[in-house]
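# Tertiary structure, described
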Amino acid sequence: MAGAKDIQGTVFQQATATFMARVENSAGVNLNQAAVASIKYTVSEVGRGDTASTIAGHENVTIDKASVIFDVLQTDATWTVDSIGYNFRHEIDVSQYEAFPKAGDIYQVRYEVTPATGQKIVFRFQVRCI
């Protein structure tokens with residue numbers, strides 16, 4: 001089993017951010033749209049210790065799987081992690097609610113994928129706001 005870890009990054013205050021990952025199921029198979037029943041995200045401001053407060057307008061937001069999950073791994077210039085590619089890309093909509101309101105704070109962006117079959121998949125990003 002691979003160890004769980006947050007994906008680290010940096011975001012600008014009061015701006016959007018695009019989150020990308022290669023997401024697999026527990027058998028190590030890349031997710032595709034047919035394998036996903038639903039997907040949602042939550043943005044939280046992470047405090048010291050175990051405290052976190054969710055950001056208004058960004059709590060358990062359901063997103064369209066067709067707009068964020070790719071059936072084929074993508075290897076465009078935006079992906080700099082490796083040559084294998086990504087199958088998940090989501091740009092947070094901040095047109096109505098700011099997702100990262102305070103510079104200097106740490107935010108967690110948590111995605112929860114409910115697969116068509118099997119156990120839910122959780123992956124997270126931890127970003128520093130500048």
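Because the structure is predicted, anything quoted here is derived from the model rather than measured. (Residues numbered from 1 in each chain as written. Predicted model: local features only at pLDDT ≥ 70, side-chain atom pairs only at ≥ 80, totals over all residues. Heavy atoms only, no water.)

### Comments concerning the overall build of the chain
Helix and strand content of the chain: one helix and nine strands. In sequence order, the secondary structure elements of the chain are arranged as β-β-β-β-β-α-β-β-β-β. Taken over the C-alpha atoms alone, the chain extends approximately 35 × 30 × 30 Å along its principal axes. Within the chain, buried positions represent 32% of all 130 residues. Taking the intrachain contacts of the chain between residues at least 6 apart in sequence as the baseline, contacts between residues at least 24 apart amount to 61%. Element-wise, carbon and sulfur atoms account for 48% of the exposed surface of the chain, whose accessible area totals about 7800 Å². Within the chain, one finds 11 positive and 14 negative side-chain charges whose respective centroids are separated by 5 Å. (Helix = DSSP H or I, 4+ residues; strand = E, 2+ residues; numbered from the N terminus. Buried < 20%, exposed > 50% of the residue type's maximum accessible area, 1.4 Å probe, protein only. Contact = heavy atoms within 4.5 Å. Areas by Shrake-Rupley, 256 points an atom, 1.4 Å probe, with all protein chains shown as cover. Lys, Arg positive; Asp, Glu negative; His and termini not counted. Charge placed at Lys NZ, Arg CZ, Asp CG, Glu CD.)

### Description of the confidence of the model for the chain
Within the chain, residue pLDDT values average 93, and 95% of them lie at 70 or more. In the model of the chain, strand β4 (residues 52-54) stands out as the element of lowest mean pLDDT, 89, in contrast to strand β5 (residues 61-63), which has the highest, 98. (pLDDT = per-residue confidence, 0-100.)

### Comments concerning the nonpolar core
Formed by 27 residues in total, the largest nonpolar core has its most connected members in Phe19, Phe88, Ile92, Phe100 and Tyr111. Mapped onto this core, the elements with two or more residues apiece are β2 (18-21), β3 (36-46), β8 (106-115) and β9 (121-129). With near-sequence residues (within four places) excluded, Phe88 lies in contact with Phe19, Met20, Ala21, Val23, Ile39, Val68, Ile69, Phe70, Tyr111 and Phe123. (Core = buried A, V, L, I, M, F, W, Y, C linked by side-chain atoms within 4.5 Å.)

### Thoughts on the sheet that holds strand β6 (residues 69-74)
Reading across from one edge, β2-β7-β6 is the order of the three strands in this open sheet, with antiparallel pairing throughout. Edge positions in the open sheet fall to β2 and β6, since each of these has one partner strand only. Each strand of the sheet is rotated relative to its neighbour by a mean of 35°, with strand direction disregarded. Looking at chain direction, β2 and strand β7 (residues 86-91) are connected through four bridges and run antiparallel. Note that in β7 the partner of Met20 across the bridge is Arg89. (Pairing = 2+ DSSP bridges. Axes fitted to C-alpha atoms, helices over the stretch in contact; angles between N-to-C directions.)

### What to know about empty space enclosed by the protein
Inspection of the entire model under this criterion finds one cavity of 30 Å³ or more. What the largest cavity holds in volume is close to 30 Å³. What lines the largest cavity is Lys40, Tyr41, Thr42, Asn60, Arg110, Tyr111 and Glu112. Those elements that place two or more of their residues in the lining of the largest cavity are β3 and β8. Considered class by class, the residues forming the lining of the largest cavity number two nonpolar, two polar and three charged. (1 Å grid on protein atoms, 1.4 Å probe; cavity = no way out; pocket = protein on both sides within 12 Å on 5 of 7 lines; lining within 4 Å. Points joined across faces, edges and corners; volume = space filled by probe spheres on them. Nonpolar A, V, L, I, M, F, W, Y, C, P; charged D, E, K, R; others polar.)

### Structural notes on the packing of aromatic side chains
Geometrically, a pair of aromatic rings is defined through the distance of the ring centres and the angle of the planes. Counted according to the given criterion, the structure contains twelve aromatic pairs. A ring pair is formed by Phe70 and Tyr86, whose centres lie 5.8 Å apart and whose planes are at 85°; its orientation type is edge-to-face. With Phe70 in strand β6 and Tyr86 in strand β7, this residue pair connects regions lying 16 residues apart in the sequence. Residue classification places Tyr86 among the buried positions, given a relative accessible area of 1%. On the basis of an interplanar angle of 40° and a centroid distance of 5.4 Å, the ring pair of Trp79 and Tyr86 is categorised as tilted. In this pair, the class of Trp79 matches that of Tyr86, namely buried. (Phe/Tyr/Trp six-rings, centres within 6.5 Å; stacked < 30°, edge-to-face > 60°.)

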